[in-house]
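# Working through the structure, step by step
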Protein chains: 2
Amino acid sequence: MKVAILTVGDEILIGQVVDTNSAWMGKTLNLSGARVERIVSVGDTREAIFDGLKEALRGTDVVLMTGGLGPTKDDITKKCLAEFFGVEMVFHQETYERIVKMFEVWGRLINEAHRLQCFMPANAEILTNRMGTAPGMWFEYRNQVVISMPGVPYEMQYLMDNEVLPRLKNHFPGQPIAHRTILTVGEGESQIAEKLEDFEDSLPENFKLAYLPNLGQVRLRLTGAGSDASELDKVLDERTQVIINRLGDLIYGYGEDTLEAAIGRLLQERGLTLATAESCTGGYLAHRITSVPGSSNYFLGSVISYANEVKMQVLGVPSEILETEGAVSEATVRHMAEGLLRTIPASIGISISGIAGPGGGSDTKPVGLVWMGISDGKTTKTFSIRAGKDREKNIQYFGVHALNLIRRFLLGKL
Amino acid sequence: MKVAILTVGDEILIGQVVDTNSAWMGKTLNLSGARVERIVSVGDTREAIFDGLKEALRGTDVVLMTGGLGPTKDDITKKCLAEFFGVEMVFHQETYERIVKMFEVWGRLINEAHRLQCFMPANAEILTNRMGTAPGMWFEYRNQVVISMPGVPYEMQYLMDNEVLPRLKNHFPGQPIAHRTILTVGEGESQIAEKLEDFEDSLPENFKLAYLPNLGQVRLRLTGAGSDASELDKVLDERTQVIINRLGDLIYGYGEDTLEAAIGRLLQERGLTLATAESCTGGYLAHRITSVPGSSNYFLGSVISYANEVKMQVLGVPSEILETEGAVSEATVRHMAEGLLRTIPASIGISISGIAGPGGGSDTKPVGLVWMGISDGKTTKTFSIRAGKDREKNIQYFGVHALNLIRRFLLGKL
């Protein structure tokens, strides 16, 4: 199955929005065995959309379009599609009723712009969008399929996962391709590649190992193609087991798992609870932990002690420590972790204090320096690392590092 | 000047890399008055590159290519360009000497792969790359210009700023295009469009208004083209002023501003400090606030009271309230906000308690329901809204709503 992606919207051409949708679709399609041949981005004009459609349809089986389905005047994709296919626009009652209901829940009245959103090209099969007002559309055109989705990332993703991919699988049954994704944390891409060098060299030709690094985490994707799906599964499982044996507890999960969900499972298995005391991460670590559904079963809460007064008054860090050692120090994070467990009586408390940047660094304490402490009330361990200069990346990297400290603490590997 | 961007590389098609280069080029070109007509991404094969080139050249003045210039086997852009233009590859001595010198500085010896990098299509004008080994190339072809640059973002950016843009300006002195971006929060795309309907209809033909909605925020972009840059600026400012008058305090900023940075400015202007008490947002609000450099000037900290014990013991919410009214209630968020200011003595405290989902909802308190309280220690105001069913979206939406409450509180508009 050869796919072209066509994104519609001036905001991409003028660089106001980075086209993450195409990357997401490319990755998702690739995992399901389809090949993206071409990505084309065009502006919000009739000529550009016609042109882009023709270009995207050339030599492909499927065109996935995003963008231009909103209720405003610059959203003309639907009209262009109707004209391109030579059909009328017809009112789609079901969509109208769905939008009316959505608005009722929000306590709002539907307006004219949204009523106009319910007119659809007559040849469209409607794909219900449970994440927003504009539905997706499926068109069959000669031997090709054209699919139109909203450009809002989570609406597109919902439609892809729930409507588009299952239909494409029916429409174009192909050669089985399968994947295993192995999730690691704590070492870099090149260290892991070194551990797997001979494994990679020994892979059969129709197998491939890809490394996807991101801020202290590396995702490994083993892909195989074969003629028999169950044989393919068996070989993939065997090869995956080799990786598991090699990498050991660098691995925190598989597939779509997350580090925060892995920690949640470890805590629940052990009947333990968690709290955080954060300075430079400013709530990011707590946010990651609480992004997991059901995290209220093991996460009690946090003290975000951005100001030194909060470190002293809520966490009980002695003022002398802050004066002599500074807020970013081994002694401060030790007191923060221990004080946290007195304020919030969790089984395990983790503390973070560092310099996220861009300001606030010095020769002895540069931007990117961070101290962390972890305590179970009996023993407290402390660690420091040094990251880069970018504030946003530092906050994220510190968060991942802290999550991994919690994980290793729970595994008895700290 | 009409431009097409052509990016070469399988990593973009399979979504392993997000195409930030095109966004950067789009923004940069746009600011210098050029119009990107089309972005095309293709894979690392001869057929795909030829195909992409033809497509990119159709109806444009300039094609900006990135990618495929490295020293490895899958980097074939240069060879394809030579074939496309019907010229030989010739050795470029200056480039060779430059690379040898670079390697000397790094204490490394040049290898064969890098020597091969010095062969260039005979018709290329070489653009010196001071950031890496592969130079850029400038080709003139019929009335069009084709420029090839490495895909490494900072190398491409160096070449664009120092070589490509100055040359393009000489080559195509053109018509100015300019933008104004207006950032709003608190109403949806269609409500704002209703307020601006006649304004949009009255815009001159070379002006355009675009809406970019995202979770409670809508970004408006007004674009104009004209023959005279200062006249265009004047008209854009006048039209922008009309939008400002219509939308009033729905507007929180302009251009690349953020809601959290806007709140930071308001707090600093007034010499006020802020703290948060978060239940269902789990630190997301604090994370947004502390993502702003310098936020330690006005943000004191947070109590993330995920568990009821923390609501009682750290924030002083009476246990009777939690028992009779529940954790998600007007009374609870009132006590949380007031208790927060006793624990962390900020000027303003905001509290949030809701049901992010997917579990935990009931008939009377469904998933998506949230209560918020805001207090300055004298008066406390409370609000509730209802969002959707997706946990991640809910947390983000609640965060944006809370940021807007803080903003309106500071503006005296609550």
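Definitions and limits used
- Residues numbered from 1 in each chain as written.
- Chains lettered and ligands numbered in written order.
- Predicted model: local features only at pLDDT ≥ 70, side-chain atom pairs only at ≥ 80, totals over all residues.
- Heavy atoms only, no water.
- Helix = DSSP H or I, 4+ residues; strand = E, 2+ residues; numbered from the N terminus.
- Buried < 20%, exposed > 50% of the residue type's maximum accessible area, 1.4 Å probe, protein only.
- Contact = heavy atoms within 4.5 Å.
- Areas by Shrake-Rupley, 256 points an atom, 1.4 Å probe, with all protein chains shown as cover.
- Phe/Tyr/Trp six-rings, centres within 6.5 Å; stacked < 30°, edge-to-face > 60°.
- Lys NZ or Arg CZ within 6 Å of the ring centre and 35° of its normal.
- Salt bridge = Lys/Arg side-chain N within 4 Å of Asp/Glu carboxyl O.
- Expected span 1.5 Å × (residues − 1).
- Arc of directions from axis to C-beta.
- Pairing = 2+ DSSP bridges.
- Axes fitted to C-alpha atoms, helices over the stretch in contact; angles between N-to-C directions.
- Polar contact = N/O pair within 3.5 Å; in protein donor to acceptor, adjacent residues only side chain to side chain.
- Patch = residues over 30% accessible without salt bridge, like charges linked within 9 Å, V, L, I, M, F, W, Y side chains within 5 Å.
- Domains from an automatic or database assignment.
- Buried area = accessible area lost by both parts, 1.4 Å probe.
- Nonpolar A, V, L, I, M, F, W, Y, C, P; charged D, E, K, R; others polar.
- Core = buried A, V, L, I, M, F, W, Y, C linked by side-chain atoms within 4.5 Å.

As a further point, take the overall build of chain A. Looking only at helices and strands, chain A has 16 helices and 17 strands in total. Taken along its principal axes, the extent of the C-alpha atoms in chain A is 80 × 60 × 40 Å. The proportion of buried residues among the 414 residues of chain A is 56%. Put simply, of all contacts in chain A between residues at least 6 apart along the chain, 67% involve residues at least 24 apart. A total accessible area of about 17200 Å² is found for chain A, and carbon and sulfur atoms account for 48% of it.

What follows is about the packing of aromatic side chains. All names here are of chain A. With the rule as written, the count across this model stands at 16 aromatic pairs over all chains. Note on Phe 84 and Tyr 141: the rings are 5.6 Å apart at their centroids and 50° apart in plane angle, and the pair reads as tilted. Note that Phe 84 is positioned in helix H4 (residues 77-85) and Tyr 141 in strand E7 (residues 136-141), a separation of 57 residues in sequence. Take Phe 84 and Tyr 141: they sit in the same class, and that class is buried. Ring plane angle 65° and centroid distance 5.2 Å describe the contact between Phe 91 and Phe 119, whose orientation is recorded as edge-to-face. Of this pair, Phe 91 sits in strand E4 (residues 89-91) while Phe 119 sits in strand E5 (residues 119-121); the two residues are 28 residues apart in sequence, bridging distant segments of the chain. Taken together, the ring pairs connect Phe 50, Phe 84, Phe 85, Phe 139 and Tyr 141 into an aromatic cluster. Taking the ring centre of Phe 50 as reference, the NZ or CZ of Arg 46 above it sits at 4.5 Å.

Enumeration over the complete set of coordinates arrives at 44 salt bridges over all chains. A salt bridge links Glu 47 of chain A to Arg 46 of chain A, with the shortest nitrogen-to-oxygen separation between them at 3.9 Å. Residue Glu 47 of chain A is classed as exposed on the basis of its relative accessible area of 53%. The class for Arg 46 of chain A is partly exposed, based on a relative accessible area of 36%. For the salt bridge of Arg 288 of chain B with Glu 260 of chain B, the shortest nitrogen-to-oxygen distance reads 2.8 Å. Placement of the pair is Arg 288 of chain B in helix H12 (residues 284-290) and Glu 260 of chain B in helix H11 (residues 259-270), with a sequence separation of 28 residues. Residues Arg 288 of chain B and Glu 260 of chain B agree in their burial class; the two are buried. Through salt bridges with shared partners, one network takes in Arg 38, Glu 55 and Arg 58 of chain A together with Asp 51 of chain B.

Right, let's talk about helix H5 (residues 93-106) of chain B for a bit. Residues and elements named next belong to chain B. Here H5 is 14 residues long and its end C-alpha atoms lie 20 Å apart, about the 20 Å a rise of 1.5 Å per residue gives. Regarding H5, the residues found buried are Thr 95, Arg 98, Ile 99, Met 102 and Phe 103. Axial view of H5: buried residues confined to an arc of 135°, hence all on one face. Along H5, exposed side chains directed more than 90 degrees from the buried face belong to Glu 94, Lys 101 and Glu 104. Here the buried face of H5 lies against helix H6 (112-116), strand E5 (119-121) and strand E6 (125-127).

Neighbouring strands of a sheet are bound in pairs by backbone hydrogen bonds; such pairs are parallel or else antiparallel. Residue and element names in this part refer to chain B. The sheet built from four strands is open, its strands ordered E10-E11-E9-E12 with antiparallel pairing. Edge positions in the open sheet fall to strand E10 (207-214) and strand E12 (251-254), since each of these has one partner strand only. The sheet shows a mean angle of 20° between the axes of neighbouring strands, direction not considered. Direction of pairing for E10 relative to strand E11 (residues 217-225): antiparallel, over a ladder of eight bridges. Bridge pairing in E11 places Leu 212 opposite Arg 219.

All right, on to the sheet that holds strand E11 (residues 217-225) of chain A then. Residues and elements named next belong to chain A. Across the sheet, which stays open at both edges, the four strands sit in the order E10-E11-E9-E12 with antiparallel pairing between neighbours. Unpaired on one side and paired on the other, strand E10 (207-214) and strand E12 (251-254) mark the two borders of the sheet. Across this sheet, the average inter-strand angle for adjacent strands is 20°, counted without regard to direction. The sheet contact formed by strand E9 (residues 177-185) and E12 spans three bridges and is antiparallel. Residue pairing for E12: Thr 184 is matched across the bridge by Ile 251. The strands touched by helix H16 (residues 391-410) within the sheet are E9, E11 and E12, with E9 carrying the most contacts at an inclination of about 85°.

So, about the side chain of Thr 343 of chain A. For Thr 343 of chain A, the position within the fold is in helix H15 (residues 330-343). Relative accessible area serves as the criterion here: at 19%, Thr 343 of chain A is assigned to the buried category. Of note is the side chain of Thr 343 of chain A, whose polar atom sits 2.7 Å from the backbone oxygen of Val 314 of chain A. Among residues more than four places away in sequence, those in contact with Thr 343 of chain A are Val 303, Val 314 and Leu 315 of chain A together with Val 314 of chain B.

The next subject is a nonpolar patch on the surface. Where nonpolar side chains cluster on the molecular surface, the patch consists of Met 131, Val 152 and Tyr 154 of chain B and spans about 280 Å² of accessible area. Note that Tyr 154 of chain B resides in helix H7 (residues 153-171).

Here the focus is the domain arrangement of chain A. According to the domain assignment, chain A contains domain 1 (2-171), domain 2 (177-254) and domain 3 (259-410). A separation of 34 Å is found between the C-alpha centroids of domain 1 of chain A and domain 2 of chain A.

This part covers the interface of chain A and chain B. Contact with chain A, which involves 74 residues of that partner, is made by 75 residues of chain B. Overall, the association of chain A and chain B removes approximately 5600 Å² of surface from exposure, summing both partners, and the carbon and sulfur fraction of that is 57%. A salt bridge links Arg 58 of chain A to Asp 51 of chain B, with the shortest nitrogen-to-oxygen separation between them at 3.2 Å. At the boundary of chain A with chain B, the tally comes to 28 residue pairs in polar contact (both at pLDDT 80 or more). Grouping the constituent residues of the side of chain A that touches chain B by class yields 35 nonpolar, 23 polar and 16 charged. Pairing geometry for strand E14 (residues 299-305) of chain A and strand E14 (residues 299-305) of chain B, over five bridges, is antiparallel. Along E14 of chain B, the bridge assignment pairs Gly 301 of chain A with Ser 305 of chain B.

Ranked by internal contacts, the top residues of the largest apolar core, which has 73 residues, are Phe 299 of chain A together with Phe 299 of chain B. The greatest single-element share of this core, amounting to nine residues, is contributed by H16 of chain A. The contact partners of Phe 299 of chain A, leaving out residues within four places of it in the chain, are Leu 274, Ala 275, Thr 276, Ala 286, Ile 289 and Thr 290 of chain A together with Ile 304 and Tyr 306 of chain B. Of all hydrophobic cores here, the second largest spans 34 residues; its members include Val 317 and Leu 322 of chain A together with Val 310 and Ile 344 of chain B.

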